[in-house]
Amino acid sequence: MSAVWHALVHPWSQGIMQRALVESLLLSLSGAALGCWVVFYEASYSAESLPHAMFPGLVVAALTGLPLVLGGALGLLVAAVAVALVGRVPAIGRDTGVAVVVTALFGLGVLLALSPSSPPGVQGLLFGDILAITPGDLALAAGLAAAVTIALRLLHTRLLAVGFDRLSARSVGARPLVADLAVLVLLAVAVLIGVQALGNLLVVAVVVAPPAAARLHCRRMVPLMATAVGLAALAGLGGLYASYYLKTAAGASIAGVMVLTYLASLAVQAVRPAVTHERRTLPA
Amino acid sequence: MLDPRPVSHEALAHARGLAAGYGGPPVLTGVSFDVAPGARIAVLGPNGGGKTTLFRVLLGELQPTAGTVGVRARCATVPQTERTRLDFPVSALDVALMGTIPRLAWWRRPGRAERRDALEALGLVGLREQADTSFGELSGGQRQRVLVARALVQDTRLLLLDEPFSGMDSQSAERLMRLVDRLVADGRAVLVATHDLDQARAWDLVLCLNRRQIAFGPPDSTLTRPVLEATYGAAIVPLPDGGRGELAIVPPHHHDHDEEAR
Ligand SMILES: Nc1ncnc2c1ncn2[C@@H]1O[C@H](COP(=O)(O)OP(=O)(O)O)[C@@H](O)[C@H]1O
Ligand SMILES: [Mg+2]
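> Quick one: what's the story with the coordination of the magnesium ion (ligand 2), residue by residue and with numbers?
Taken together, the protein donors to the magnesium ion (ligand 2) comprise Thr52 of chain B (OG1) and Gln80 of chain B (OE1), at separations of 2.0 to 2.4 Å. Placement of the pair is Thr52 of chain B in helix 1 (residues 51–58) and Gln80 of chain B in the loop between strand 5 (75–78) and helix 2 (92–97), with a sequence separation of 28 residues.

Okay, structure coming up:
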């Protein structure tokens, strides 16, 4: 008993691990709650693209010593302008435009990151370094997480109306364009928070996997968001334990456990008698 | 071809020589009518006749390409349901509550008063008991009624119902008709889009559309054989006699009342 207790408590005696835990909880709060909207707004592709598009900005920030958040934000701005411009070329079209810009930017970032003259650690941007989080990083993450949470609370009813039926949303005074922009901007903020800890390739996991898992079990938006945040927090905890005892990379472990959570949810749903997903035809 | 008739100063909405479209040639032309307080107007026409297009113009979602349209009252609508998503995590009450958005400041969420109003509206459509049921688990007719409740919550003087009877059994349809009667008794006006001739006969006024306005007036004097032929194309057959020489329509795409299992 006491050996188990010791094993459970021991990792958190170090400041590095404490900060990593708090950071992963903050990421769960903002990323997974927002992710529920991302899933229902069918914006998973954007969620995938945003971190790639900001990658060159992150690399340049790491090379020049700027704060990563600033570099990432500038990178996103450049990407948004590029997407807007390329989208205006009639022969390319919007979707292709986004793909072209995002791929080009990501390639550019990787080239920069892997060039022999880059200091070590820049490569870490791909996978993040949650064990290198400073108290200052934590404060920033807490501020951004609070902003995302407050915004989601304020926008809740309107986001719900647009997600429910975007064509009739205007007739109840909810504007789809505003809702879409809000989700995208908040997504950019959540990605900015997450990228430092989880890196460019893994940050999407916290936004997409817990909500996808929670969606299998919840029938209302608020419980869905709470469940997604809970699952993400548990996955973060599990990932940090795994990384501590199995000596695996922390960010990758967290992302891996997030995806495992989703697979486990699928399995649970498969064995449970089908919930009310299928359509019933009751008399009206 | 602007219609010179003056607009009654108390009309809740009006159109004069209205045309509308989606970028290409107009899909609807020559529409002129007034909506007086207390009016029950059926907008009758075949699939693709322009009923939804007219509603979108009245809602301000679509600008007319010619003519004028005036809407002097706030307007609520019940859309055709085919596009609402059934896996969205909301209850019937959540959907009805969306009708309170116009009256809420942007930073406010629905509170107790709004919940009370939403529950009351669900009661009016006979779904008080289903308030906590998931929207996607309701039957087609029940979903329609939830959307009616969402429109009622908006408490507008003008209500546009887009084919609300498709997917409704006759009992729900009767209930909705009684509700409409109560609404117009308050001085509200209700427009209903329908492709069902029998439905249209039950309303005070009928606006016949088939890519253009064919006729507008009380059903008895308006729904003549030439008008119906122009509204539906030539697919009109006389009912086997015994009735009062009534006509039946074979729409180009045959429509059942029961679209429940869409
Ligand atoms: N969003 C749209 N873009 C282009 N054409 C449309 C659009 N919506 C409807 N139409 C066309 O406008 C015509 C009228 O459609 P609609 O108003 O939906 O008819 P109804 O509601 O009477 O069935 C149809 O020919 C339809 O194809
Ligand atoms: Mg229609």
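> Which residues make up the pattern of salt bridges, and what are the values?
All names here are of chain B. Here the structure, examined in full by the defined rule, presents 14 salt bridges over all chains. Taking the shortest distance from any N to any O, the salt bridge between Arg40 and Asp181 comes out at 3.0 Å. Here Arg40, found in strand 3 (residues 40–44), pairs with Asp181, found in helix 5 (residues 170–185); they are 141 residues apart in sequence, far enough to count as distant. The buried category is assigned to Arg40, whose relative accessible area is 11%. Under the relative-accessibility criterion, Asp181 is labelled partly exposed at 36%. Across the pair Asp117 and Arg116 runs a salt bridge whose closest N-O atoms are separated by 3.6 Å. For Asp117, a relative accessible area of 22% translates into the label partly exposed. On the accessibility criterion, Arg116 (53% relative accessible area) is exposed.

> So what's going on with the packing of helix 3 (residues 112–124) of chain B against helix 4 (residues 140–153) of chain B? Residues and values would help.
All names here are of chain B. The contact between helix 3 and helix 4 brings their axes to 8 Å, and the two run at 130°. Between helix 3 and helix 4, the crossing angle belongs to the class labelled oblique. Between helix 3 and helix 4 lies a crossing of right-handed hand. Each of Asp117, Ala118, Ala121, Leu122 and Leu124 in helix 3 lies in contact with helix 4, whose residues at this interface are Val146, Ala149, Leu152 and Val153. The residue inventory of the contact of helix 3 with helix 4, partitioned by class, reads 8 nonpolar, no polar and 1 charged.

> So what's going on with the site of ligand 1? Which residues, and what values?
Residue and element names in this part refer to chain B. Near ligand 1, the surroundings consist of Tyr22, Val27, Pro46, Asn47, Gly48, Gly49, Gly50, Lys51, Thr52, Thr53 and Arg211. One nitrogen or oxygen atom from the side chain of Tyr22 is found 3.5 Å from a nitrogen atom belonging to ligand 1. A distance of 2.5 Å separates an oxygen atom of ligand 1 from a polar atom in the side chain of Thr53. Protein burial of ligand 1: of its 560 Å² of free accessible surface, 61% is covered by the chains. Within the shell around ligand 1, the residues separate by chemical class into 3 nonpolar, 6 polar and 2 charged.

> Explain the nonpolar core residue by residue, including any values.
Counting residues in hydrophobic clusters, the biggest one holds 133 residues, and the most contacted among them are Trp37, Leu152 and Leu240 of chain A together with Leu44 of chain B. Ranked by the residues each element gives to this core, the list is headed by helix 9 (residues 176–215) of chain A, at 20 residues. Taken domain by domain, the makeup of this core includes at least three residues from each of domain 1 (1–73 + 157–262) and domain 2 (87–155) of chain B. Formed by 27 residues, the second largest nonpolar core is a distinct cluster that contains Leu12, Ala15, Val31 and Leu209 of chain B.

> Give a description of the sheet that holds strand 1 (residues 13–20) of chain B that names residues and reports values.
Residues and elements named next belong to chain B. An order of 2-1-4 is seen for the 3 strands of this open sheet, with the pairing classed as antiparallel. Each edge of the open sheet is held by one strand with a lone partner, namely strand 2 (28–35) and strand 4 (66–71). The sheet shows a mean angle of 15° between the axes of neighbouring strands, taken without regard to direction. Across 5 bridges, the pairing between strand 1 and strand 2 is antiparallel. Bridge pairing in strand 2 links His14 to Asp34.

> Could you give an account of helix 4 (residues 55–64) of chain A, with specific residues and numbers?
All of the buried residues in helix 4 of chain A are Phe55, Pro56, Gly57, Leu58, Val59 and Ala61 of chain A. Among the residues trailing helix 4 of chain A, Gly65 of chain A stands out with phi positive, at a value near 85°.

> I'd like a rundown of the interface of chain B and chain A, residues and numbers included.
Chain B puts 46 residues into the contact, and the matching count from chain A is 33 residues. Taken over both partners, the interface formed by chain B and chain A buries close to 3,500 Å², and the fraction arising from carbon and sulfur atoms is 55%. It is Pro89, Arg109 and Glu137 of chain B that lose the most area in chain B upon contact with chain A, and together they represent 20% of the buried surface on that side. Applying the counting criterion to the chain B and chain A interface returns 1 salt bridge. Between Arg215 of chain A and Asp87 of chain B there is a salt bridge, with the nearest N and O atoms lying 2.7 Å from each other. Contributions of two or more residues to the side of chain B that touches chain A are made by strand 5, helix 2 and helix 4 of chain B. With 6 residues, the top contributor of residues to the side of chain B that touches chain A is helix 4 of chain B. By residue class, the composition of the side of chain B that touches chain A is 19 nonpolar, 13 polar and 14 charged.

> Describe the sheet that holds strand 5 of chain B, with residues and values.
Residue and element names in this part refer to chain B. The strand order 5-6-7-3-8-9 describes an open sheet built from 6 strands, whose pairing is mixed. Of all strands in the sheet, those with a lone pairing partner are strand 5 and strand 9 (213–217), marking the two edges. When strand polarity is set aside, the average angle formed by the axes of neighbouring strands in this sheet is 15°. The pairing of strand 6 (residues 158–162) with strand 7 (residues 189–194) spans 5 bridges and is parallel. Bridging across to strand 7, Asp162 finds its partner in Ala193. Where helix 4 meets the sheet, it contacts strand 5 and strand 6, and its direction lies at approximately 175° from that of strand 5.

What counts as what
Residues numbered from 1 in each chain as written. Chains lettered and ligands numbered in written order. Predicted model: local features only at pLDDT ≥ 70, side-chain atom pairs only at ≥ 80, totals over all residues. Heavy atoms only, no water. Donors = N, O, S within 2.8 Å, 3.2 Å for Na, K, Ca; no water. Helix = DSSP H or I, 4+ residues; strand = E, 2+ residues; numbered from the N terminus. Salt bridge = Lys/Arg side-chain N within 4 Å of Asp/Glu carboxyl O. Buried < 20%, exposed > 50% of the residue type's maximum accessible area, 1.4 Å probe, protein only. Axes fitted to C-alpha atoms, helices over the stretch in contact; angles between N-to-C directions. Parallel < 35°, antiparallel > 145°, perpendicular 65-115°, else oblique. Left-handed = near helix turned anticlockwise from the far one by under 90°. Contact = heavy atoms within 4.5 Å. Nonpolar A, V, L, I, M, F, W, Y, C, P; charged D, E, K, R; others polar. Near = heavy atom within 4 Å. Polar contact = N/O pair within 3.5 Å; in protein donor to acceptor, adjacent residues only side chain to side chain. Areas by Shrake-Rupley, 256 points an atom, 1.4 Å probe, with all protein chains shown as cover. Core = buried A, V, L, I, M, F, W, Y, C linked by side-chain atoms within 4.5 Å. Domains from an automatic or database assignment. Pairing = 2+ DSSP bridges. Buried area = accessible area lost by both parts, 1.4 Å probe.

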